[in-house]
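Structure at a glance
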Amino acid sequence: MTQDEMKKAVAEAALEYVESGMIVGVGTGSTANFFIDGLAKLKGKIDGTVASSVASADRLKGHGIQVLDSNDAGQLPLYVDGADESNRYLHLIKGGGGALTREKIVAAASDKFVCIADESKLVDVMGKFPLPVEVIPMARSYVAREIVKLGGEPVLREGFTTDNGNVILDIHNMEIMEPVKLETTLNGIVGVVTNGLFAIRPADVLLLGTPAGVDKLE
């Protein structure tokens, strides 16, 4: 199976978690796009969706799927999204597409978070994928200096602005041995909106695409 075929397989496996009458939280990225395309076949079954980015909202609307404001939707029964890295504790790095803050909001507001990824995303120690941090523009330089003190190498994501109007610093060359602790520390830096570690609220289920099929980690 190609990487895209594995992504499509896990996206289709995630559709099994969709139940009648649900409002479904939907993530952002290439794997989430396969889920959105599959969800189009079930659009008569659900009551709507909450999207974690403008791009996902546009793709959902393109399929004729209703997109609701998260403030109107209330607590969500299900959130489905991809990841840039995962460990075996289902701690994740997300935000390669820059939607980490809205993804984290939807994840926090959901009862069950199903993460869909291909096998290349599963690692023993996270951090090879640069960790995104969304930052208020005024605080960019200050936050970068604080990240250096933590042992990371922050790099501004050039030419990129989040849906919230902020910038992203990607932290390179940091082995993340204590994801919960690092997530808390980064979020405590003044000017940080949030960071791409999903460890305080990890995934509940990881559907992992492999050449032999879909593995489930819980």
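Up top you'll find the structure we're talking about.
Now for a look at the structure at hand. (Residues numbered from 1 in each chain as written. Predicted model: local features only at pLDDT ≥ 70, side-chain atom pairs only at ≥ 80, totals over all residues. Heavy atoms only, no water.)

Covered by surrounding structure in strand S1 (residues 23–26) are Ile-23 and Gly-25 together with Val-24 and Val-26, the residues of both alternating faces. When S1 meets strand S2 (residues 48–51), the two strands line up parallel, connected through four bridges. Looking at the pairing, Val-24 lines up with Thr-49 of S2. Following the backbone out of S1, through helix H2 (residues 30–39) and into the adjacent parallel S2, one traces a crossover that is right-handed. (Buried < 20%, exposed > 50% of the residue type's maximum accessible area, 1.4 Å probe, protein only. Helix = DSSP H or I, 4+ residues; strand = E, 2+ residues; numbered from the N terminus. Pairing = 2+ DSSP bridges. Right-handed = clockwise from strand over helix to strand, strands pointing away.)

The next thing to look at is helix H6 (residues 140–149). In an α-helix, one turn spans 3.6 residues; hence positions three or four apart end up facing the same way. All buried positions along H6 are accounted for by Val-143, Ala-144, Glu-146 and Ile-147. Down the axis of H6, the buried set is contained in an arc of 165°. They therefore lie on one face. The inward-facing, buried residues of H6 abut strand S7 (131–135), strand S8 (153–156), strand S9 (167–172), helix H7 (179–187) and strand S10 (192–195). Looking one or two residues past H6, Gly-151 carries a phi angle of roughly 100°, positive in sign. (Arc of directions from axis to C-beta. Contact = heavy atoms within 4.5 Å.)

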